[in-house]
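The residues making up each chain are set out below.
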Amino acid sequence: MKVVTAEKMQEIDKGAIQKYGIPEVILMENAGIEVTNVAKTILTSLEGKKVCIFAGKGNNGGDGFVVARQMFYQGAKVKVFILGEMESIQHSAKVNLNILQNMNIDIVPIKSERDWDKVKVALAFSDCVIDALLGTGFRAPLQESMKNLIETINFSGKPIIAIDIPSGVDASTGQIDTIAICATATVTFGLLKIGLIFYPGADYTGEIFIKNIGFPYSLLQDEGIKQTIITNSIVRSQLPERNGDVHKGLCGRVLVIAGSKGMTGAAALASMASLRAGAGLVTLAVSESVHDILSSKLTEVIIKTLPEENEELIYEESLKTLMDLANKNDVVVIGPGLGRNPSTVQIIQKFIEQTDKQLVIDADALYALSKNTNVLEEKSRMPILTPHLGEMARLINKSTDEIKNNLISTARETAELFQSIIVLKDSRTVVAYPDGNVYINTRGNAGMATAGSGDVLAGIIGALAAQHNNSNFDSAVCGVYLHSMAGDIAASAGMIGLIASDIVQAIPSARYGIQE
């Protein structure tokens, strides 16, 4: 499923009108009909229902005018409120406003205190509200009068149907100014907008209905649209299957380099996640001082020790051991709980530089990598990096706020810069590739914001990469989705109190569910 910025949707609008000759007024008519149909579904019937329609001066308001007419045809008692000067309404919106005036439908420009009183009275007795104020063209800041109107509408407690996107939400980022319409449902046209699925905007949309109002298929599938929602069907088609005559050596061999004193849990979670995600053999490389702890935790994982002295890894010996182990495995997951002492950082840096194996780089390995990212461009196999916002900030020397407000562009630019696959973890995790394609995950839940969840994801991606015969392209997308689906299964017993090991336990059920 494709997802677009406001600017790209405007291009599609323009293409439909200019290239295909579809009149703007026809698109507006179709939009109004679709919104009316959704409203009828929500209200069961429009006959006798009282509906307040709040319209702005642009095309979003024009859509609202069509809704008013269509609802009136079906027996609704409609009242249209316009914020702003009616004289400034133009083009197709003006055409539809004129029709309403000719039909003697009640239209109230909101100008005086008396008009604001009319708004409050109408809302008190309404059955439904239509938000046609701003649409996808909105850019912060909101005018004070608009803030007051949005607050009044939200306070009414009535069902609100937003046209295209709730007013006050930035369609390209999901950011809001200080307030936005809190919709019961949003009817969006053509394609999903980024602002509908990224927080905080996603909290304001209610149920989303996607309607094609006459856009040609070729415009909606334009190769220039490089953002895609990860869906079950995409993942199902890419998950590696297991034939009946396989043995463990054919199901992928994963080396996990993880763990240190006080951080053995990260190593255990990443290793077990790899096994649960289907890896045939998982080897965990750890320092001698934590070997016994992890041996007692892990029954099915092969554990190899790295020589150390005074609780620090011995550089030459540990590096040689890691290189030998890597040569016996298909994929290396490196970083969870490794620690940041100078010896470890040096070994990680040298290992990443020297190995030719497929790498999944996470946590403390990202810290070590931040000292020299140039090595990534030289890898024969495209590395997979799995940073959270703080780790990404360190890698590219930007603030976490700047990254959070620009997740897609940041991930895309970093993937190109590092010639790597970037799995940027947040409430909406994005997977970016050097060719500019970005995949967005909308599954998962707030319960997954728990210690060790990222270690589980790294292990899953490593296992899938090994089973894909080192085809890292699909393993990142599939791994992110499988991880979130396992989190949703784990949360079915309660979201608050969910822990990372719950996610690990749910991985087989999630994978089975995807492939069914």
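What you see is a predicted model, and the numbers here were worked out from it, not measured in a lab.

Caption draft 1: How the structure looks around empty space enclosed by the protein. Considering all chains together, one arrives at one cavity of 30 Å³ or more under this definition. A volume near 30 Å³ is recorded for the largest cavity. Taken together, Ile257, Leu306, Leu313, Leu322, Leu338, Thr344, Ile347 and Ile348 make up the full set of residues lining the largest cavity. A total of three residues in the lining of the largest cavity trace back to one element, the largest contributor, which is helix 13 (residues 342-354). A per-class count over the lining of the largest cavity returns seven nonpolar, one polar and no charged.

Caption draft 2: Spatial organisation of the packing of helix 3 (residues 59-73) against helix 4 (residues 91-102). In the contact formed by helix 3 and helix 4, the axes pass within 8 Å of each other and the chain directions differ by 30 degrees. Judged by the inter-axis angle, helix 3 sits roughly parallel to helix 4. Crossing of helix 3 against helix 4: the hand is left-handed. Contacts between helix 3 and helix 4 involve Asn59, Gly62, Phe65, Val66, Ala68 and Arg69 on the former and, on the latter, Ala93, Asn96, Leu97, Ile99 and Leu100.

Caption draft 3: A look at the sheet that holds strand 3 (residues 77-83). A sheet is described by the order of its strands in space; here seven strands give the open sequence 4-3-2-5-6-7-9, paired in parallel fashion. Bordering the open sheet on either side are strand 4 (106-110) and strand 9 (207-211), each of which pairs with just one other strand. Pairs of neighbouring strands in the sheet enclose a mean axial angle of 20 degrees, with direction left out of account. Two strands pair when backbone bridges link them, and strand 2 (residues 50-55) and strand 3 are joined in this way by six bridges, in the parallel orientation. Residue pairing for strand 3: Phe54 is matched across the bridge by Phe81.

Caption draft 4: Representation of the layout of surface pockets in the model. In this structure, the largest pocket encloses a volume near 800 Å³. Together, 34 residues line the largest pocket, and Gly58, Asn59, Asn60, Leu134 and Gly137 are the ones closest to its centre. Considered class by class, the residues forming the lining of the largest pocket number 16 nonpolar, 11 polar and seven charged. In this structure, the second largest pocket is lined by 31 residues; those nearest its centre are Lys425, Asp426, Met448, Ala449 and Ser453. When residues of the lining of the second largest pocket are traced back to their parent elements, those giving at least two are helix 14 (363-369), helix 18 (453-467) and helix 19 (472-491). Ranked by residues supplied to the lining of the second largest pocket, first place goes to helix 18 with four residues. Grouping the constituent residues of the lining of the second largest pocket by class yields 10 nonpolar, 13 polar and eight charged.

Calculation criteria
Each chain has its residues counted from 1, running along the sequence as written. The model is predicted, so local features are restricted to residues of pLDDT at least 70 and side-chain atom pairs to those at 80 or more, both for listing and for counting; the totals for chains, interfaces and linings are taken over all residues. Each side-chain value is derived from all of the structure's non-hydrogen atoms; neither hydrogens nor water enter the calculation. Only protein atoms enter the calculation, which uses a 1 Å grid: trapped sets of points that fit a 1.4 Å probe without letting it out are cavities, open sets showing protein on both sides within 12 Å along at least five of seven lines are pockets, and any residue with an atom within 4 Å of a point is a lining residue. Grid points are joined across faces, edges and corners, and a volume is the space filled by probe spheres set on the points. Counting from the N terminus, the helices are the DSSP runs of H or I reaching at least four residues and the strands are the DSSP runs of E reaching at least two. Residues are grouped as follows: Ala, Val, Leu, Ile, Met, Phe, Trp, Tyr, Cys and Pro are nonpolar; Asp, Glu, Lys and Arg are charged; all remaining types, including Gly, are polar. Axis lines are fitted to C-alpha atoms, over the contacting stretch for helices. Their N-to-C directions set the angle, which ranges from 0 to 180 degrees. Between 65 and 115 degrees an angle is taken as roughly perpendicular, under 35 as roughly parallel, over 145 as roughly antiparallel, and anywhere else as oblique. Crossing handedness is read from the near helix: turned anticlockwise from the far helix by less than a right angle, it gives a left-handed crossing, and turned clockwise, a right-handed one. It only takes one pair of heavy atoms within 4.5 Å for two residues to be counted as in contact. For two strands to count as paired, DSSP must find a minimum of two bridges between them.

Without other data, these values stay purely geometric and don't point to any function.
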